Amino acid sequence: MLTIEDLSFSYGTIQTLHGVSATMSPGRVTCVIGRNGVGKTTLMKLIMGTLRSDAGTIRIDDHVCLANRELSVNLTNRPASQRARQGVALVPQGRQIFPKLSVADNLRVGLEAIRPRTRHVPQEIYDLFPILWDNRLRPGGNLSGGMQQQLAIARALVSNPRVLLLDEPTEGIQPNIIQQIGEVLGNLVAERNMTVVLVEQYLDFVKEFGHDFYIMNRGRVTAGGETSELTQELISTYLSV
Ligand SMILES: Nc1ncnc2c1ncn2[C@@H]1O[C@H](COP(=O)(O)OP(=O)(O)O)[C@@H](O)[C@H]1O
Ligand SMILES: [Mg+2]
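Bear in mind that the values here come from a model prediction, so they are computed numbers and not experimental data.

Here's the deal with the overall build of the protein
Helices and strands together make up the secondary structure of the protein, namely nine helices and 10 strands. The C-alpha radius of gyration computed for the protein amounts to 17 Å, which stays within 12% of the reference 18 Å derived for 241 residues, consistent with globular compactness. Each principal axis of the C-alpha atoms in the protein carries an extent, and together these give about 45 × 40 × 35 Å. Within the protein, the proportion of its 241 residues that are buried is 41%. Considering only contacts in the protein between residues 6 or more positions apart, those separated by 24 or more positions represent 68%.

A short note on helix α1 (residues 40–48)
Burial analysis of α1 places eight of its nine residues in the buried class, which makes it a mostly covered element. Those residues of α1 that sit buried are K40, T42, L43, M44, K45, L46, I47 and M48.

Let's talk about the environment of Q232
Within the secondary structure layout, Q232 lies in helix α9 (residues 232–238). Residue classification places Q232 among the exposed positions, given that 8 C-beta atoms sit within 10 Å. Remark: the alpha-carbon pair of Q232 and P92, spanning 140 residues in sequence, is separated by 29 Å.

Description of the sheet that holds strand β2 (residues 14–24)
One open sheet accounts for four strands, arranged β2-β1-β4-β5; its pairing is antiparallel. Every other strand in the sheet has two partners, leaving β2 and β5 (72–74) as the edge strands with one partner each. Across the sheet, the mean angle separating the axes of adjacent strands is 20 degrees when strand polarity is ignored. Pairing of strand β1 (residues 2–11) with β2 involves seven bridges; the strand directions are antiparallel. Paired with S10 across the strands is Q15, a residue of β2.

Regarding the site of ligand 1
In the vicinity of ligand 1, the contacting residues are Y11, T16, G34, N36, G37, V38, G39, K40, T41 and T42. With three residues, α1 is the largest single contributor of residues to the shell around ligand 1. Looking at the shell around ligand 1 residue by residue, the class counts come to two nonpolar, seven polar and one charged.

A word on the sheet that holds strand β10 (residues 220–226)
Strand order in this open sheet of six strands is β6-β7-β8-β3-β9-β10, and the pairing throughout is mixed. Two strands close off the open sheet at either side, each with one partner strand: β6 (88–91) and β10. Put simply, the sheet's adjacent strands are angled 15 degrees from each other on average, direction ignored. Taken together, the five bridges between strand β7 (residues 163–167) and strand β8 (residues 195–199) define a ladder with parallel strand orientation. When the sheet's bridge partners are listed, L164 is paired in β8 with V196. The sheet contacts of α1 involve β3 (28–33), β6, β7, β8 and β9 (212–217), and relative to β7 the element is tilted by about 150 degrees.

Re the nonpolar core
Nonpolar side chains tend to gather and get buried jointly when the protein is soluble and globular. Judged by nonpolar contacts, the single largest core of 65 residues is most densely connected at I47, L164, L165 and V196. It is helix α6 (residues 145–157) that contributes the most residues to this core, seven residues altogether. Aside from chain neighbours lying at most four places away, what touches I47 is I4, I58, V88 and L165.

Thoughts on unusual backbone geometry
The residue N160 is not glycine, and still its phi comes out positive at about 50 degrees. The residue N160 is located in the loop between α6 and β7 in this model. Here N160 falls in the partly exposed class, since 17 other C-beta atoms lie within 10 Å of it. Of note in this structure, N193 is not a glycine but carries a positive phi near 55 degrees. As for its position among the elements, N193 is in the loop between α7 (175–192) and β8. For N193, a count of 15 C-beta atoms within 10 Å puts it in the partly exposed group.

A word on the packing of helix α3 (residues 103–110) against α6
Axis separation between α3 and α6 bottoms out at 7 Å; the angle between their running directions is 40 degrees. Between α3 and α6 the crossing geometry is right-handed. On α6, the residues touching V103, N106, L107, V109 and G110 of α3 are L151, A154, R155 and A156. For the contact of α3 with α6, the residue count by class is six nonpolar, two polar and one charged.

Basis of the calculations
- Residues numbered from 1 in each chain as written.
- Chains lettered and ligands numbered in written order.
- Predicted model: local features only at pLDDT ≥ 70, side-chain atom pairs only at ≥ 80, totals over all residues.
- Helix = DSSP H or I, 4+ residues; strand = E, 2+ residues; numbered from the N terminus.
- Rg over C-alpha atoms; globule rule 2.2 N^0.38 Å.
- Buried ≥ 20, exposed ≤ 12 C-beta atoms within 10 Å, placed from the backbone.
- Contact = placed C-beta atoms within 7 Å.
- Pairing = 2+ DSSP bridges.
- Axes fitted to C-alpha atoms, helices over the stretch in contact; angles between N-to-C directions.
- Near = placed C-beta within 6 Å.
- Nonpolar A, V, L, I, M, F, W, Y, C, P; charged D, E, K, R; others polar.
- Core = buried A, V, L, I, M, F, W, Y, C linked by C-beta atoms within 7 Å.
- Left-handed = near helix turned anticlockwise from the far one by under 90°.

Have a look at this one:
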């Protein structure tokens, strides 16, 4: 279980998040939705630790303890590298593939999070995305947008995270690959009991693959529940442009 409580953050003097609280459960896909500029990416960076919150707490409580990971860990004051070792991984908005590195080397970057050090990308990663195996020697920059997104997800998965954060993974991706990505997420929560946090503006994807949702508006959580309860009224109030 990932729990965030009363998280606040400012870029300089501009307060961007105001006391955000949420819980994200293992075995479920929790969607964070809201219009552009409401603070979704900022929240993901705060959970990953690439930005530090001004106030509030972030913690993981788990039932299953993997090697080198604590059962219950307060992440709030830990750097991103330690959060990664504790099993938090982020698929950033815009993918952030290294264009000149091969697919295989992009995946090896994800291994940096693991201790002890290894250079070996587990075969199961390629099994999840066979197209990455077929293209493992190609530079990341030469791949289609959809394949780059699969690579970004695979790179986050090489450290076998317990919390996987994805920031708008369907942005600019063709429908057949969107479907494949959704199915992979479904398997990760069902088979590995992963906690998946999905920032998403594509509502059909949220309804098909998400279990729970939080709506953000102007740096605050304004609604939450199960995706089956996502009403047209909420959608037109907080999501329609
Ligand atoms: N590096 C930054 N410096 C200053 N302001 C920023 C920075 N990044 C984002 N913002 C601002 O913070 C707010 C929230 O941004 P963001 O978290 O990216 O929103 P979302 O992901 O929901 O579109 C926006 O008003 C945005 O302009
Ligand atoms: Mg964003």
